Structures are given as C-alpha cells and as structure tokens.
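Coordinates in review
Here's the letter readout for the chains.
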Amino acid sequence: MSATARPSALAPFRIRNYRFQWPSDLLTSWAFEVETLVLGWYIIVETGSVLLLTVLASLQFVGTLVAPVFGMIGDRIGHRDLLVAMRLAYTALSSTIMVLALTGQLSPLSVMVIVAIMGLIRPSDLGVRGALLAEIMPAGQLVGAISVARTTQDSARIAGALTGAGLFAVLGIGLVYVAIAGLYLAAALLMLCLTRPERSVITSNLPANGHAVSRLLGDLKEGIVYAWNGPGMRAALCVAFLTNLTAFPFTGGLLPYIAREIFHTDQTGLGYLSASFAVGSLIGSITLSLVSGVRIARLLIGATLAWYAMLLVFVEVRTMPVAMACLVLAGIAQSMSMISAAVILMRTASAHLRGRVMGVRMMVIYGLPIGLLAAGSLIDIIGYSATGSLYAAAGFFAMLAIAVRWRADLWPVHAPANAR
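Structural notes, computed from the coordinates. As the structure is a computational prediction, the values presented were derived from the model and not from experiment.

Applying the stated criterion across every chain yields a total of ten aromatic pairs. Between Phe250 and Tyr391 the ring centres are 5.4 Å apart and the planes differ by 75°, which places this aromatic pair in the edge-to-face class. With Phe250 in the loop between helix H10 (233–246) and helix H11 (255–262) and Tyr391 in helix H17 (residues 384–405), the pair connects residues that are 141 residues apart, well separated along the chain. A residue is classified by how much of its surface remains accessible, and Tyr391, at 9% relative accessible area, is buried. For the ring pair Trp307 and Tyr308, a centre distance of 6.3 Å and an interplane angle of 20° mean the geometry is stacked. Site record: aromatic cluster; members linked through ring pairs are Phe13, Tyr18 and Trp22. Directly above the ring of Trp411 sits Arg298, whose terminal nitrogen or CZ lies 4.4 Å from the centroid.

The next thing to look at is the pattern of salt bridges. Where charged atoms from two side chains of opposite charge come close, those side chains can pair. A complete count under the given rule lists seven salt bridges for this structure. Here Arg87 ties to Asp125 by a salt bridge, and the two come within 3.0 Å at their closest N and O atoms. Taken as a pair, Arg87 in helix H4 (residues 79–102) and Asp125 in helix H6 (residues 124–136) lie far apart in primary sequence, 38 residues in all. Residue classification places Asp125 among the buried residues on the basis of a relative accessible area of 0%.

Below, the discussion takes up the side chain of Ser335. Relative to the helices and strands, Ser335 resides in helix H14 (residues 320–348). Judged by its relative accessible area of 0%, Ser335 falls in the buried class. Engagement of the side chain of Ser335 in a polar contact is seen with the side chain of Ser285, the distance being 2.8 Å. Once residues lying within four places of it in the same chain are set aside, the contact partners of Ser335 are Arg150, Asp154, Ser281, Gly284 and Ser285.

So, about the side chain of Asn244. Structurally, Asn244 is set in helix H10. Under the relative-accessibility criterion, Asn244 is labelled buried at 5%. Within the structure, Asn244 has its side chain in polar contact with the backbone oxygen of Ala240 (distance 2.7 Å). Ignoring anything within four residues of it in the chain, the contact list for Asn244 reads Pro249, Arg361, Val364, Ile365, Gly367 and Leu368.

So, about a nonpolar patch on the surface. The grouping of Leu102, Val170, Leu171, Leu175 and Val178 at the surface amounts to a nonpolar patch, some 460 Å² of accessible area in total. For the nonpolar patch, the secondary-structure elements that each account for two or more residues are helix H7 (142–171) and helix H8 (173–192). Along the chain, the position of Val178 falls in helix H8.

Two elements in contact, helix H1 (residues 16–47) and helix H2 (residues 50–59), have axes whose closest approach is 9 Å; the angle formed by their N-to-C orientations is 155°. With respect to H2, the element H1 is oriented roughly antiparallel. The crossing of H1 and H2 is right-handed. Of H2, the residues touching H1 (which contributes Leu39, Gly40, Ile43, Ile44 and Thr47) are Val50, Leu52, Leu53 and Leu56. Per-class residue counts for the contact of H1 with H2 are seven nonpolar, two polar and no charged.

Attention now moves to the nonpolar core. Residues Ile258, Trp307, Phe314 and Tyr384 are the most contacted members of the largest nonpolar core, which totals 124 residues. Broken down by element, this core gets its largest block of residues, 15 residues, from H14. In this view, Trp307 contacts Thr243, Ala247, Phe248, Phe277, Ala330, Ala333, Gln334, Ser337 and Met338; residues no more than four positions away in its chain are not counted.

We now examine H6. With 13 residues, H6 should cover 18 Å at 1.5 Å per step; its first-to-last C-alpha distance of 19 Å lies within 8% of that length. Where burial is concerned, most of H6 is hidden: eleven out of the 13 residues are buried. For H6, the set of buried residues is Ser124, Asp125, Gly127, Val128, Arg129, Gly130, Ala131, Leu132, Leu133, Ala134 and Ile136.

Below, the discussion takes up the packing of H10 against helix H15 (residues 354–363). Between H10 and H15, the least distance of the axes is 9 Å, while the angle of their chain directions is 35°. Between H10 and H15, the contacting residues are Met233, Leu237, Ala240 and Asn244 on the first element and Val357, Val360 and Arg361 on the second. Counted by class, the contact of H10 with H15 contains five nonpolar, one polar and one charged residues.

In this model, helix H5 (residues 108–121) (14 residues) spans 21 Å end to end at C-alpha, consistent with the 20 Å of a helix rising 1.5 Å per residue. By the burial criterion, the buried members of H5 are Ser110, Val111, Met112, Ile114, Val115, Met118, Gly119 and Ile121. The inward-facing, buried residues of H5 abut H1, H2, helix H3 (67–77), H4, H6 and H8.

This next bit is on the environment of Ala394. With respect to the element layout, Ala394 can be found in helix H17. C-alpha separation for the pair Ala394 and Thr246, spaced 148 residues apart in sequence, amounts to 7.7 Å.

Criteria and thresholds
- Residues numbered from 1 in each chain as written.
- Predicted model: local features only at pLDDT ≥ 70, side-chain atom pairs only at ≥ 80, totals over all residues.
- Heavy atoms only, no water.
- Phe/Tyr/Trp six-rings, centres within 6.5 Å; stacked < 30°, edge-to-face > 60°.
- Helix = DSSP H or I, 4+ residues; strand = E, 2+ residues; numbered from the N terminus.
- Buried < 20%, exposed > 50% of the residue type's maximum accessible area, 1.4 Å probe, protein only.
- Lys NZ or Arg CZ within 6 Å of the ring centre and 35° of its normal.
- Salt bridge = Lys/Arg side-chain N within 4 Å of Asp/Glu carboxyl O.
- Polar contact = N/O pair within 3.5 Å; in protein donor to acceptor, adjacent residues only side chain to side chain.
- Contact = heavy atoms within 4.5 Å.
- Patch = residues over 30% accessible without salt bridge, like charges linked within 9 Å, V, L, I, M, F, W, Y side chains within 5 Å.
- Areas by Shrake-Rupley, 256 points an atom, 1.4 Å probe, with all protein chains shown as cover.
- Axes fitted to C-alpha atoms, helices over the stretch in contact; angles between N-to-C directions.
- Parallel < 35°, antiparallel > 145°, perpendicular 65-115°, else oblique.
- Left-handed = near helix turned anticlockwise from the far one by under 90°.
- Nonpolar A, V, L, I, M, F, W, Y, C, P; charged D, E, K, R; others polar.
- Core = buried A, V, L, I, M, F, W, Y, C linked by side-chain atoms within 4.5 Å.
- Expected span 1.5 Å × (residues − 1).

This is the structure:
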C-alpha cells in the first residue's frame, strides 16, 4: 500500500487477537452502560435523592486508587488472563443483583453494596484492555486500533442509552440483569480465545519470602514514578484527571437527575440525552480511525477546550433538541481528547511498564467521584446551572494552564507526543 493511501478502519482486524478482544470489549462495554443507566434510574426513582445518585455513581470508581496494582498484576500474570478473571467477577456480581431482583429482595442498600464491590474492579478494565491492545498491535497501527477500540464504548453508550432505561420500565430490573450477566459471561469466554501475547516481565525468580512484598511495592512505585515523569505523560494524566473531575459528571452520573429534574422527561428522554453524547463520541472515534498524520498532543489541547465550551452551553439550555445537539458536539470533542491522551501514554510507555502506566491513567479517574459528590452538594446549594457553569469554566481555564505549563511537551511539531 502506498504511503498516500487512506488508512482502513478495518486494518486492526487483520490481527487475530484483535478479532477476539474487540467483541469481548464490546460486550463488556454494553453491559457496563446498560447497568449504569438501569441502576441510576432505580436509585433516583426509589429514593428521589440526587445526593444518593452521585454516591452510587461515585462507588463505581472506588477502585481507581488501586488501578496501578491491577496494572502491575497484569504486567506479571498477563493482561489477557487478568481480563478473563475480571469479567468472570462481573458475571458473578451481576448475577447476584439478578437473583435479588427476581426474588423481590433488591433494595437501594444492597445495590450500593454490590456496586461498591464491583467498583473495586471495574475502573481498571479500560486500562488493562488498553495495555493488552498495545501488546498485540504493531506500533504503526496503534492510533487506528485505539480509535476503533473506542467504538466499543461509544456504541455501547448508544445501545445502553436507547435500551437500558426503557427495558427497565418494560421488563423490570430482574430480567434486564439476566441479559447483563449473559453479556459479561460471553465477554469472558471471548477473551479466553485470545492467544497469550509474549510476556515482557519474568516472574519466576521472585523471592518466596518477605522480600517479595518489597519487590512488588518497588515495582508499583517504579510504574507510578515512570508515568508521572515521562515526556508528555504528566500533561496527559493531568488532562485525564481534570476532565474526570469537571466534565464527565454532567454527561454521566448526573444525567438521570438532569433528565428528570431539568428537562422533566422520563426514561426515554434520559436515553436520548445519553445516546446523543455517545453518538458524538462514536463520530469522533471513527473520524480518528480514518485519518493519519494527526499531531496528537495538539489535538488533545484543542479537543479538550472545545469539550468545555460545549458543556458551558449545555448546562444553560432547557430545550431537549438543543441540549442533544450540544451533547453530540461535546461527545466528538471528548472522544478526540481521551483517545489523544491514551495514545500519548501508550506510545511513550516502555512495554514492561505499560500495564502500570495505564493503571495510573485509571487511577486519575478518581477525579470523577470527587467531582460527582461535590456537584451533588453544590446543586443543592447554588443550583444546577450555576454548578454546571462553574465546572465548565474552571475546566476550560485549567486546561489552558496545562497547555501553557507543558507547552514544550505538547505544542512543538518535533515533540515526541506529536509524533506521526
């Protein structure tokens, strides 16, 4: 193929392992999205509390603080095997909710407890699947592969948004969870079909005594220090933390509240709002999978600023069609921003530290529960519009500060983060 030929979005599927990882990730993402919307609607209907809704959303991310540990485990036992174990755990936990719902024993408290347990594991899923993707894909196809991989999350958000809350209303939470548990199980089985990639870390010579703990802690520290000091990595991690703190709360955990209290709509309206953001994200992912030669770090800056600009408009509008249009544009910018951050991290990371680097990337998602809990309290005090405007404006100016602080790593054409 000539150097000027257009890249194919299907090129990553020429790799056998990718043909199994992509559908496994797709099914997992579908289950995540349906589960998130169903449980969010269940809590807001059963309790009527926006604070409890933000608590539920925050519990899904309690494991972000231990994500580097999952990354280290993946570096040692293999990211494929770790994903199999994680997805079997999702199956068991979702089956528990299914049984409780079908027997009439489900309560907001039991949902909170089970979500907290799943929240210890689930935040690491994206990081581990990203590390596995970097192992199985040639470096030249990494941007396209990450962009196509992102379509699993984007299409899942669309499917979950349009079916999750609606199915809850029609079938009830118990029958919906039959499907969710089935999706998790199928994802685990597909992951088992992957051929184990060659390992970068040898673990057979680890000491069998107390020195093993010191060695493991040392490896964990090495990964965190490496991720924080790599060229361009620190800026990408700061952007990821910032967007989770100030942007994602209004397109994720708070959407059931926004749909019901701001736009006065039902499950169907919630689905439309969530699907709008997901459609935009899918457009962004597909666009990046089809283009080449993008200066990734520059794209990170521009896309993140555009994301905040659209959120600033979204929190002020009160008409559903206009809000949906804002969410589509915000979704496009969000996708390009997050793909850019992931590419910078995976391109820069050494192979034997990639899992830990992506674990640190997942750890900064902890900004999301902080942002959600703060937003829930602020909405009660100063109102929804003021809280949303504060978040969007603060995020916009903080992003400008990041761009200025790490300009040498993000803007020059010759910077490693802008490599084509």
